[in-house]
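# A look at the structure
Next come the chains, spelled out residue by residue.
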Amino acid sequence: MIRNSPDTGPLLEMENVSVNFPVKGPYPFSKKRWIQAVTNVSLQVSEGETFGIVGESGCGKTTLANAMIGMVRPTAGTVRFQGVDLYSLKPQVFREARREMQMIFQDPFSSLNPRFSVYEIIREPLYIRGQASETAMKAKVLELLKLVGLDEDDMYRYPSDFSGGQRQRIGIARAIILNPRFLVCDEPVSALDVSVHAQILNLLMDIQKSRHLTYVFVSHNLAVVKNICQNMVVMYLGTIMESGSSDAIFANPLHPYTKALLSAVLDIDVTKPRDRILLKGDTPSPIDPPPGCRFWQRCPSAMKGCATIPAKLAEVEPGHPVACHLISGFSPQQVADGLHEPVSPKSGG
Amino acid sequence: MADTVLEVRNLKVAFPCSGGVIRAVEGIDLDIHRGECAALVGESGCGKSVSALAIMKLLNTPPAVCRADKLQLDDLDLTHLPDRQMERIRGKHMAMIFQDAMTALNPVMTVGKQIDEIYLRHSRLSRREARQRTIKALELVGVPEARSRANSYPHQLSGGMRQRVLIALAFACVPKLIIADEPTTALDVTIQAQVLDVLKNMQQVHGVSALLIAHDLSVVANMADTVYVMYSGKIVERAAMQELFVEPLHPYTHGLLASVPRISDDRQPFVQIPDAVPHPMRKPTGCYFHPRCPRSSDQCQQRMPRLESLDHEREVRCWHPLRQPHEVRS
Ligand SMILES: Nc1ncnc2c1ncn2[C@@H]1O[C@H](COP(=O)(O)OP(=O)(O)OP(=O)(O)O)[C@@H](O)[C@H]1O
Ligand SMILES: Nc1ncnc2c1ncn2[C@@H]1O[C@H](COP(=O)(O)OP(=O)(O)OP(=O)(O)O)[C@@H](O)[C@H]1O
Ligand code: SF4
Ligand code: SF4
Ligand SMILES: [Mg+2]
Ligand SMILES: [Mg+2]
C-alpha cells in the first residue's frame, strides 16, 4: 500500500525535525538539560539521487539519519516517506515501511554479530520477516554474495575470517536483501583500509544503478561527497548551515563554516598551494547551545548580533539556502543598534 | 652522514604466536636529517606503530622480538643500549605523540602538572618557574586561557585540546626527535588542520626532526619532507614528498594515490586497487603486493624485489616500477 504513493513528491521529506536527548544532571532535581542533536532540519530527498550529509563529529549526522529511517523518533517535526508521515503509522504498517529503508553502518567490526555465520547474518532480515523457505533464502543470499563480490564458500564462515572491506560487503548484502528503496550509508568507508575505499564506494554506486536505489550518504570526506552526491546539506551543531546541489556548494560555498570546512580539507594535490582558513577553538557542546548562530564562537566573520539572533536559511540563488546573517542581512533597526558590526573571533570554547 | 639525526638499519620486529610468527617489520632502514619531517605511510597493520615503538624501545620483549643492525640517534648509539638507560633518552632526546591522548596522559594529574614534571626533571627550575614555562608552552600550542586550563584534568579537555597538550609535552624538553603516531586521526577536519599547523610550527621553531606516522596521504602531503611507503612490513618506496606525489614509482603508491577521491576533479567510478592487504601470517610469496598488482609478472610471484635506488634521491622495491631505476644499491 505504501508503494502506491504518488510519484511526484520527494521520496523522503523532513519538515522542521528536531531531536533532543535529555542529559542526566549531577543530582536528581537539577534543572533538566538537553542535547540538541538535531534542530529544525528540513530537507527533501528525491527518488534515485544520492543525498549527502556532511559535518564534523557530533554535529548530528547519525541522529538525523536515524530519524529518517524510523530509528529515532523526532522530538518535533515530521518525516514523510513516500508522502506518508512515518511516525504516525500503526506499528504493523510502520514495520512494513521500515523494510524499504535500510542502513549501512560505519563500523563493520561491531555491526556484524560474531557468532553468526555470513549466511545467517545476510539472511537475518528475511528470516525475521518469515515468509521465505530455507531454499529460497539460500538462493537469495548466494545471489547477493556474488553481487557484493564474495564467494559461495564464504557463506558458512564467520565475520572474524574477513577483512574490514569484506565485512562491509557482508553488511551491504544484508542491507539490500529486502529490496529496499532507500539506503542510508553512514560513513561506510571511514573505518576501512584506504586501499579498499574505492572498491566499496564503486560497489555502492553499482548497486544503486542496478537496483534503482536512493541513497543518503553521511560522510566527513568532502571529496567523496562531491564525487557521488547530487544534493547535500552541511551541518554544524545540529543545524543546517547550507544546502543545495553539490555542484553549487562546491563551486560557490557561501556559509563561513562551509568555506572553512572546505579549506581545512587536506588534498593530495601538492602542486597547488592553497590558502587555509584556520578556525579558532573547538566545536562547542550541543547541550543548551546559544540562541543565535551556532557557529558564532568560531566564525571568522561573526558580527555582534550573531550570538543572539538565529540565522534563518535564506536562498541566495534558487535551491541554495544558507543560514548566515552575512547573507540574509540584519533589519534596519538591528543595524541601527550596531548588531552588524564585526566582532573579532573569540578563541576558546 | 653528519647531519643525520636518526639512522635505522635493518630493523626487524616479529611476534611469535600460536599459529606461527607475525613478521611485523621486516628489515627497514630510515634516515632522518636535522629539522626534517619524514613520514611513514601505509595501511592498517603494515607495521608503522611497531616500527616506532621499536625505535623508542617501548615494545615488550617478549612477546616482541626486535633486532636492528644500527639504531643511532644523533651522536648516541642506541643499538645495544639497555632499557634502564633508554628511559633517560626517551624523556630527554626522543618524545612520542600518540593518536589517543587519553591513554598517553595521566588521568589523575592535571595537564599542567604533567608538563611541569618534564621541566623539573630536565632543568634546574623552581616549581613556579616550571609552571611559567608550562603556561608559555600551552600558549604556544594554542591552548586558550592556558593559565587556568593548566589546572584541568585530561578528561575535562576536548580531543583537540588534549592533542595540543601532548604536543606541548613532547616538545617540552626540546628533543632531537619527535615521533608522532597518527597524531590527528581521531580529530575532526577543522581541528586536524589546527593541530597539524601547531605541530609543523613547533617542529620548525625548535628545529626538531620528526617521524610522522599516518595512513592518510593528504596529511603526509601537507606535513612531510620525505616519505617512506610501507606495505606488509617492508618499505616499498622512499622519495621526497613532492616527487612521490607527482610521480609515484611503486605500483602500490601509484594505486593509492590514484584511488584517493579529490575535491579538484570528478572521477567516477573511483580508481580501485583489487583485494585487500594480506593477513600478516599469510603473506604471499615473492613481492607481497603481487596478488593486487596490475604489473605483476612470474618473477614478481617468485622473488621479492630489493629496495633499489633511483637518481640517488629515491628508492623503490619493484621489479617493474613505473620508471626504471638507473643504479642498484647493494
Ligand atoms: N542516544 C543518545 N543519547 C544521548 N545523546 C546522544 C544520543 N545519540 C547521540 N547523542 C548526542 O547527539 C549529538 C549528535 O550525535 P550524532 O551521533 O548524531 O553525531 P554525528 O554527526 O553522527 O557524529 P560522528 O561523526 O561522530 O558519528 C552528539 O552530541 C551525541 O553525543
Ligand atoms: N603485541 C602484538 N602481538 C602480536 N602481533 C602484534 C602485536 N602488536 C602488533 N602486532 C602485529 O604487527 C603488525 C603491525 O602492527 P602495527 O600496529 O605496527 O600496524 P600499523 O601500521 O601501526 O597499523 P594501524 O594503522 O592500524 O595503526 C600487525 O599485523 C599486528 O597485528
Ligand atoms: S550568522 Fe554570523 S556567526 Fe553565523 S556564520 Fe554568519 S557571520 Fe558567522
Ligand atoms: S614487484 Fe611486481 S608485483 Fe611487486 S609491485 Fe612491482 S610489479 Fe607489482
Ligand atoms: Mg555518526
Ligand atoms: Mg598504528
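Everything numeric here is computed off the predicted structure, so don't read it as measured data.

### Here we look at helix H7 (residues 159-171) of chain B
All names here are of chain B. The terminal C-alpha atoms of H7 lie 19 Å apart, and with 13 residues this matches the ideal 18 Å at 1.5 Å per residue to within 8%. Burial runs high along H7: 12 of the 13 residues are buried. Buried residues of H7: Gly160, Met161, Arg162, Gln163, Arg164, Val165, Leu166, Ile167, Ala168, Leu169, Ala170 and Phe171, and no others.

### A closer look at the pairing of strand S5 (residues 70-73) of chain B
Residues and elements named next belong to chain B. Here strand S1 (residues 4-17) runs beside S5; their pairing, made up of 4 bridges, is antiparallel. Among the inter-strand pairings, glutamate 7 is bridged to a residue of S5, identified as glutamine 72. Where S5 meets strand S6 (residues 76-77), 2 bridges bridge the pair, whose relative direction is antiparallel. The residue bridging glutamine 72 from the neighbouring strand is aspartate 77, located in S6. Following S5, the chain reverses through 2 residues before pairing antiparallel with S6; aspartate 74 in that reversal takes a positive phi of roughly 55 degrees.

### Quick notes on the site of ligand 4
Close to ligand 4 lie 13 residues; Cys287, Cys293, Cys300, Cys318 and Trp319 of chain B are nearest. When its residues are assigned to classes, the shell around ligand 4 shows 8 nonpolar, 4 polar and 1 charged.

### A closer look at the pattern of salt bridges
The full count for this structure, using the stated rule, is 24 salt bridges over all chains. When the shortest N-O distance is used, the salt bridge between glutamate 13 of chain A and arginine 80 of chain A registers 3.5 Å. Taken together, the residues glutamate 13 of chain A in strand S1 (residues 12-23) and arginine 80 of chain A in strand S4 (residues 76-81) connect sequence positions 67 residues apart. Among the residues examined, arginine 80 of chain A registers a relative accessible area of 21% and is labelled partly exposed. Here glutamate 237 of chain B ties to arginine 314 of chain B by a salt bridge, and the two come within 2.7 Å at their closest N and O atoms.

### Some details on the nonpolar core
All names here are of chain B. Residues Ile97, Ile115, Leu138, Ile167, Val220, Val227 and Phe245 are the most contacted members of the largest nonpolar core, which totals 68 residues. A total of 8 residues in this core trace back to one element, the largest contributor, which is H7. Not counting residues within four places of it along the chain, the set of residues in contact with valine 227 comprises Ala39, Val41, Val220, Glu237, Arg238, Ala239, Met241, Leu244 and Phe245.

### Examining the sheet that holds strand S10 (residues 226-231) of chain B
Residues and elements named next belong to chain B. One open sheet accounts for 8 strands, arranged S7-S8-S9-S3-S10-S11-S13-S12; its pairing is mixed. Single-partner strands in this sheet number two, and they are strand S7 (94-97) and strand S12 (307-310). Within this sheet the neighbouring strands show an average axis-to-axis angle of 20 degrees, counted without direction. Relative to S10, strand S3 (residues 37-41) is paired through 4 bridges, and the arrangement is parallel. The residue of S10 that forms the bridge with alanine 39 is valine 227. Taken strand by strand, helix H1 (residues 48-55) contacts S3, S7, strand S8 (177-181), strand S9 (209-214) and S10, and its axis lies near 150 degrees from that of S9. With respect to the sheet, helix H11 (residues 251-259) is in contact with S10 and strand S11 (234-240), its orientation differing from that of S10 by roughly 100 degrees.

### Description of the interface of chain A and chain B
Of the residues lining the interface, 41 residues belong to chain A; the matching set on chain B comes to 47 residues. In total, chain A and chain B occlude about 3,700 Å² of area from one another, counting both sides; carbon and sulfur atoms represent 56% of this. On the chain A side of the interface with chain B, the three residues burying the most area are Asn227, Leu266 and Ile268 of chain A, jointly 19% of the side's total. Linking chain A with chain B are 0 salt bridges.

### What about the sheet that holds S4 of chain A?
The strands making up a sheet associate through backbone hydrogen bonding, with each pair oriented either parallel or antiparallel. Residue and element names in this part refer to chain A. The 4 strands are arranged S2-S1-S4-S5 in an open sheet whose pairing can be described as antiparallel. Each edge of the sheet is formed by a strand with only one pairing partner; in this case those strands are strand S2 (33-45) and strand S5 (84-85). Where S1 lies against S4, 5 bridges are found, and the strand directions are antiparallel. The residue of S4 that forms the bridge with glutamate 13 is arginine 80. Lying on the sheet, helix H1 (residues 61-68) is in contact with S1, S2 and S4; it crosses S1 at an angle near 120 degrees.

### Observations concerning the domain arrangement of chain A
Residues and elements named next belong to chain A. When the domains of chain A are assigned, the result is domain 1 (12-100 + 180-336) and domain 2 (110-177). Computed over C-alpha atoms only, the centres of domain 1 and domain 2 are separated by 31 Å. Contacts between the two partners involve 13 residues from domain 1 and, on the opposite side, 12 residues from domain 2. Summed over both sides, the interface of domain 1 with domain 2 buries roughly 1,100 Å², with 68% coming from carbon and sulfur. Summed over the shared surface of domain 1 and domain 2, the number is 1 salt bridge. A salt bridge links arginine 211 to glutamate 143; its shortest N-O distance comes to 3.2 Å. At the boundary of domain 1 and domain 2, one finds 3 residue pairs in polar contact (both at pLDDT 80 or more). The biggest single contributor to the side of domain 1 that touches domain 2 is helix H6 (residues 194-211), with 7 residues. Considering only residue class, the side of domain 1 that touches domain 2 consists of 10 nonpolar, 1 polar and 2 charged.

Conventions used here
Residues numbered from 1 in each chain as written. Chains lettered and ligands numbered in written order. Predicted model: local features only at pLDDT ≥ 70, side-chain atom pairs only at ≥ 80, totals over all residues. Heavy atoms only, no water. Helix = DSSP H or I, 4+ residues; strand = E, 2+ residues; numbered from the N terminus. Expected span 1.5 Å × (residues − 1). Buried < 20%, exposed > 50% of the residue type's maximum accessible area, 1.4 Å probe, protein only. Pairing = 2+ DSSP bridges. Near = heavy atom within 4 Å. Nonpolar A, V, L, I, M, F, W, Y, C, P; charged D, E, K, R; others polar. Salt bridge = Lys/Arg side-chain N within 4 Å of Asp/Glu carboxyl O. Core = buried A, V, L, I, M, F, W, Y, C linked by side-chain atoms within 4.5 Å. Contact = heavy atoms within 4.5 Å. Axes fitted to C-alpha atoms, helices over the stretch in contact; angles between N-to-C directions. Buried area = accessible area lost by both parts, 1.4 Å probe. Domains from an automatic or database assignment. Polar contact = N/O pair within 3.5 Å; in protein donor to acceptor, adjacent residues only side chain to side chain.

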